[in-house]
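# Report on the structure
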Amino acid sequence: MTSIDSLLTETRRFAPDPEFTAGSVAGRELYDRAADDRLAYWADRARELHWHTPFEQVLDWSNPPFARWFADGTLNVAYNCLDRHVLAGYGDRVAIHWEGEPGDSRTLTYGELTAQVKRAANALAALGVGQGDRVAIYLPVVPEAVVAMLAVARLGAIHSVVFGGFSAESLRARIEDAEAKVVITADGGYRKGKVFPLKATVDAALEGETTIEHVLVVKRGGNEVAWTEGRDLWWDDAMADADLDHEAKGFDAENPLFILYTSGTTGKPKGILHTSGGYLTQAAATHHDVFDLHPESDVFWCTADIGWVTGHSYVVYGPLANGATQLMYEGTPDTPHPGRWWELIEKYGVTILYTAPTAIRSFMKLGRQIPQKFDLSSLRLLGSVGEPINPEAWVWYRDVIGGGSTPVVDTWWQTETGAMMISALPGVTTLKPGSAQVPIPGVKIDILSDDGARVDPPNGGLLTVRDPWPSMLRGIWGDPERFVETYWEKFRDDGWRYFAGDGAHVDEDGDIWLLGRIDDVMNVSGHRLSTTEIESALVGNPVVAEAAVVGASDETTGQAVVAFVIVKQSHREEHTDDEFVQLLRAHVAQAIGAIARPRDIYIVTELPKTRSGKIMRRLLRDVAEGRAIGDTTTLADTSVMQIISDKLRSGA
Ligand code: ATP
Ligand code: MG
C-alpha cells in the first residue's frame, strides 16, 4: 500500500486554561518520566495499586506476542476497587449514583458496594464458581451488574459480559465460546419506557445442551418469568443466604479477568481476553490522568453500557480503582424526553462526561435548544470515544454542552487495547478539534506503510503500537493463532508491532488524526482517501448532522465516493433532496478538494449502526454496489438497511 492522502485542514486551537492546568492532577512530567524509563514508569503506576505480593518483574516479552506484566506479583482486582478505599476511610463516599429509566434511583457508598460484593462472591462460590471459571453476565445497567463483575473478579474467576440488547443466538454463541458455568441476568430491564425481557432470552439461549449450571436472576423489570427448578435462583435469595464476610485472596497479575467480544463493526466479534494487574494499572492511570480526576469532588459519568469495553474500563474498573463518585443511568437518552441526559447532569452535578460521537451527533440532529434548557454549568471536562469525532461535532460538544469553555479529550483505544492509548491530557495539551493527538505517557505509536516504513506527515498510513503496553489483550479466547494472525503477523519481522486495523496520520506538530478503518479506505483515481475526512467535511456543513462515506466500484475511477447523509431537523424544510445533494457535492469539493467530491449522495434519516453506536460502512458498501447485504447480527436496528436500500432502488 502507498500512503493515504490527507485532505482536511483544521486550524482551530484551544490552549489549556492556566487555571485548569494549575489545578490538574496530571502534568507534563508524566511524559518525561515515561520517556526516561518506560518500564520504570509503568511499574510506578502499577505500585499505585494494592499488591498482595509486590512484583519484581515488570515486563516479560520473551515469548512475543504473548506479554506478561508484573507477573511475579499477586493482587485482587476487586479489593483494589473496594476494600482498599473503605480501609483508607472512604467508606461513606458515594461510589454510584444510579438512576433507572423510570426515574427510580439508588445510591451506593463504597462501604455498601464492598459489602454487596462480598456477599455476592460468597453466593457465587456457593454455586461452585472458583478461580478460572467463566461467568456470563447479561444484565441491564443496574448496580447489580457492577456487583456481579466485581464478585467474579474477587474470586479470581472470569466474566464475560454480554450486552443486554443481544439476541438469544448471540448470547448462546458467547456462552458456548467461553464455556460459561453460570449466567447472571435479570427478569427484564427498562428501555424506551417499556420492560424488555432478559430472562426469557437466557432461557432460549440455554435450550438443549449447555455448560451452564445455574442462572441467577436479579429482579428489575417485575415481568413474569419461566422458572427451571434446580437451575434458576433469585439473586436476592442467593444474597440473603450468603455470608457477609469474604476475604479477598491475591491472584497472579496475569490471572484472566474477563473475556469481552468486540463490537462487530467489521465482521464476526472476537473474544478478547484481558488479565488483571496490567489491565487495572492502565485503566486506573488513564482514568485518573485523562479525566483529571479529583475523587473528592468530581462526579464522573461515562454513558457506555457495561456490555462494551468502555463500560468495563471507565464505568467499573478505572473509576472504582480510583475511588471516584459516578453516575450510572439505565435507560435511553430520549426517555421520557429528549433532554434526559442533561436533566441528569443538572440533578447530580456531573463534572466529567464521557460519551460517543454517535450520541453527540444525534443531539446535534435534534438541536441545541434541548440541552440549553438545563443547567450544565457543573461540567468541567468532556470526553469522546468510539469513532473519530468530526471537528464540527467536537466544537458543538464544547460550545453547547461544555458552555464554550470545557476541554474536550478525544480518546482512541479498542477492546483489544483495554484502556486509552491516544488522548490529550487536558491540563497540558493544546487541543485540536478532530484529532486524538498524542499517545498517553508510556505508549508508543507509529504510523507505517504496508512494508513497515514510517509514513511522513502529512500523509497517513497504518496505526501501529511499537512496544507492549500493560492493558494489552493477552489473546483471543481459545484461538491463539487468530490472535497472532489478526494483530501481529503483518509486522512480526519489525519487532512484533501491534497493528490496530485503523488508519491515521500525524501532522507537523506530531498530533495524530484517526482516518477510520483501513478496510474502508477508498481508492479514487489512484488517490487513497479516508472515510473520516470526507465525513468530517460533510458534517462541517451546517445542514448536516451525520454522514457515512463508502467506496463503490466505478468503471472510470476504480472506486467512487458514495455518501449517506442525515440532514439536521431544523434544516429539513429548506431544500429538496436534489438540492441538498448538489449543495453538498459542491461543499465537499470546496472544503477538501474535487477528488473527494461524492459521485452519489443519498439523503437518509438513519444510518446502520452496531449496538455500540458505530456506523457499519460495510453494509452501506453492499447497498451502494447493489450486492446482497452481509451479516447484520450486530446491527442495532435491522429495519434501517431495508429503508436505505428501498430508497436507493426508488432512485431517490
Ligand atoms: P470489530 O473489531 O468487531 O470490528 P470494533 O472495532 O468496532 O468492532 P471496538 O473495540 O468497540 O470494536 O472499537 C474499537 C474501534 O473503534 C477502533 O479500532 C476505532 O476504529 C474506533 N475508535 C475508537 N475510539 C476512537 C477514536 N477516539 N477516534 C477514532 N476511532 C475510534
Ligand atoms: Mg475492532
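In this text the structure is predicted, and so the values were computed from the model without any measurement. (Residues numbered from 1 in each chain as written. Chains lettered and ligands numbered in written order. Predicted model: local features only at pLDDT ≥ 70, side-chain atom pairs only at ≥ 80, totals over all residues. Heavy atoms only, no water.)

## Examining the overall build of the chain
Tallying secondary structure elements over the chain gives 20 helices and 30 strands in all. Over its C-alpha trace the chain gives a radius of gyration of 24 Å, about what one expects of a compact globule, namely 26 Å for 652 residues. Dimensions along the principal axes, computed over C-alpha positions, put the chain at roughly 70 × 60 × 50 Å. A total accessible area of about 23,700 Å² is found for the chain, and carbon and sulfur atoms account for 47% of it. (Helix = DSSP H or I, 4+ residues; strand = E, 2+ residues; numbered from the N terminus. Rg over C-alpha atoms; globule rule 2.2 N^0.38 Å. Areas by Shrake-Rupley, 256 points an atom, 1.4 Å probe, with all protein chains shown as cover.)

## Considerations on the nonpolar core
In terms of nonpolar packing, the biggest core is built from 166 residues, with Leu-150, Ile-184, Tyr-317 and Ile-401 touching the most fellow members. If sequence neighbours within four positions are ignored, Tyr-317 has contacts with Val-77, Cys-81, Met-149, Leu-150, Ala-153, His-159, Leu-257, Phe-258, Tyr-279, Leu-280 and His-312. Leu-529, Val-561, Val-567 and Val-588 belong to the second largest nonpolar core, which has 24 residues in total. (Core = buried A, V, L, I, M, F, W, Y, C linked by side-chain atoms within 4.5 Å. Buried < 20%, exposed > 50% of the residue type's maximum accessible area, 1.4 Å probe, protein only. Contact = heavy atoms within 4.5 Å.)

## Focus on the packing of aromatic side chains
Tallying each qualifying case throughout the model produces 31 aromatic pairs. Aromatic pair Trp-51 and Phe-55: ring centres 4.8 Å apart, planes at 70 degrees, arrangement edge-to-face. Residue classification places Phe-55 among the buried residues on the basis of a relative accessible area of 4%. When the centroid spacing of 5.1 Å and the interplanar angle of 85 degrees are considered together, the rings of Tyr-314 and Trp-413 count as edge-to-face. Separated by 99 residues along the polypeptide, Tyr-314 in helix α12 (residues 309–321) and Trp-413 in the loop between β20 (408–410) and β21 (445–448) bring together distant segments of the chain. In this structure Tyr-314 comes out as buried when scored by relative accessible area, which is 0%. What makes Trp-413 buried here is its relative accessible area of 9%. Chaining the aromatic ring pairs together yields one cluster made of Trp-61, Phe-66, Trp-469, Phe-483, Tyr-487, Trp-488 and Tyr-498. (Phe/Tyr/Trp six-rings, centres within 6.5 Å; stacked < 30°, edge-to-face > 60°.)

## Focus: the packing of helix α2 (residues 29–36) against helix α3 (residues 38–46)
α3 packs onto α2 with a crossing angle of 125 degrees between their chain directions and a minimal axis gap of 5 Å. Overall, the two elements α2 and α3 adopt an arrangement that is oblique. Together, Leu-30, Arg-33, Ala-34 and Asp-36 of α2 and Arg-38, Tyr-41, Asp-44 and Arg-45 of α3 make up the contact between the two elements. In terms of residue class, the contact of α2 with α3 is built from three nonpolar, no polar and five charged. (Axes fitted to C-alpha atoms, helices over the stretch in contact; angles between N-to-C directions. Parallel < 35°, antiparallel > 145°, perpendicular 65-115°, else oblique. Nonpolar A, V, L, I, M, F, W, Y, C, P; charged D, E, K, R; others polar.)

## Some thoughts on the UniProt feature "modified residue: N6-acetyllysine" (unreviewed entry) in the chain
Here, the residues flagged by UniProt with the feature "modified residue: N6-acetyllysine" (unreviewed entry) are Lys-614. In this structure, Lys-614 sits in the loop between β30 (600–604) and α19 (617–624). Classification of Lys-614 as buried rests on a relative accessible area of 16%. Excluding its chain neighbours within four sequence positions, the residues that come into contact with Lys-614 are Ser-263, Thr-265, Gly-386, Glu-387, Arg-517, Pro-608 and Lys-609. Only 2.9 Å separates the side chain of Lys-614 from the backbone oxygen of Gly-386, close enough to count as a polar contact. (UniProt positions renumbered as here; feature names shortened; annotations may be inferred. Polar contact = N/O pair within 3.5 Å; in protein donor to acceptor, adjacent residues only side chain to side chain.)

## Some words on the site of ligand 1
Taken together, 20 residues lie around ligand 1, and Thr-262, Ser-263, Thr-265, Thr-266 and Thr-415 are the ones closest in. Contact between ligand 1 and Arg-517: an oxygen atom at 2.9 Å from a side-chain N or O atom of the residue. Coverage of ligand 1 by the protein amounts to 94% of the 630 Å² it exposes when considered alone. Split into classes, the residues belonging to the shell around ligand 1 amount to four nonpolar, nine polar and seven charged. (Near = heavy atom within 4 Å.)

## Some points on the layout of surface pockets
Of the voids in this model, the second largest pocket is the one considered here, and its volume is about 440 Å³. If you go around the second largest pocket, you meet 24 residues; those closest to its centre are Ser-170, Ala-173, Arg-174, Lys-268 and Pro-269. In terms of residue count, helix α8 (residues 168–178) provides more of the lining of the second largest pocket than any other element does, five residues in total. Among the residues forming the lining of the second largest pocket, the class breakdown is seven nonpolar, eight polar and nine charged. (1 Å grid on protein atoms, 1.4 Å probe; cavity = no way out; pocket = protein on both sides within 12 Å on 5 of 7 lines; lining within 4 Å. Points joined across faces, edges and corners; volume = space filled by probe spheres on them.)

## Some details on the pairing of strand β5 (residues 105–109)
Pairing analysis gives five bridges linking strand β4 (residues 94–99) to β5, with the strands arranged antiparallel. In the sheet register, Val-94 faces β5, and the bridge partner there is Thr-109. Counted between consecutive antiparallel strands, the loop separating β4 from β5 contains five residues, among which Gly-103 sits at a positive phi close to 105 degrees. (Pairing = 2+ DSSP bridges.)

## A look at a negative patch on the surface
Together, Glu-29, Asp-32, Asp-36 and Asp-37 make up a region of like negative charge exposed at the surface. Residue position: Asp-37 is located in the loop between α2 and α3. (Patch = residues over 30% accessible without salt bridge, like charges linked within 9 Å, V, L, I, M, F, W, Y side chains within 5 Å. Salt bridge = Lys/Arg side-chain N within 4 Å of Asp/Glu carboxyl O. Lys, Arg positive; Asp, Glu negative; His and termini not counted. Charge placed at Lys NZ, Arg CZ, Asp CG, Glu CD.)

## Structural notes on the pattern of salt bridges
Applying the stated rule across the entire model yields 46 salt bridges. The residue Arg-361 makes a salt bridge to Glu-387 at a minimum N-O spacing of 2.8 Å. Residue Arg-361 is found in helix α14 (residues 357–366), and its partner Glu-387 is found in the loop between β19 (381–384) and α15 (391–401); the two are separated by 26 residues along the sequence. In this structure, Arg-361 and Glu-387 share a single accessibility class: buried. The partner of Asp-520 in a salt bridge is Arg-617, and the shortest N-O contact between them spans 4.0 Å. In this pair, Asp-520 sits in the loop between β25 (512–517) and β26 (522–524) while Arg-617 sits in helix α19, placing the two residues 97 residues apart along the sequence. Judged by its relative accessible area of 11%, Asp-520 is buried.

## A few points about helix α5 (residues 83–90)
Along α5, the residues that are buried comprise Asp-83, Arg-84 and His-85. Elements in contact with the buried residues of α5: α4 (77–81), α6 (110–126), α7 (143–154) and α12.

## Some details on the sheet that holds β25
If you trace the four strands from one edge of the open sheet to the other, you get β21-β22-β24-β25, paired in antiparallel fashion. Both outer strands of the open sheet, β21 and β25, are each paired with one neighbouring strand and no more. Strand-to-strand twist of the sheet, defined as the mean angle between neighbouring strand axes without regard to direction, takes the value 45 degrees. Sheet topology note: the strand β24 (residues 498–506)/β25 ladder contains five bridges and is antiparallel.

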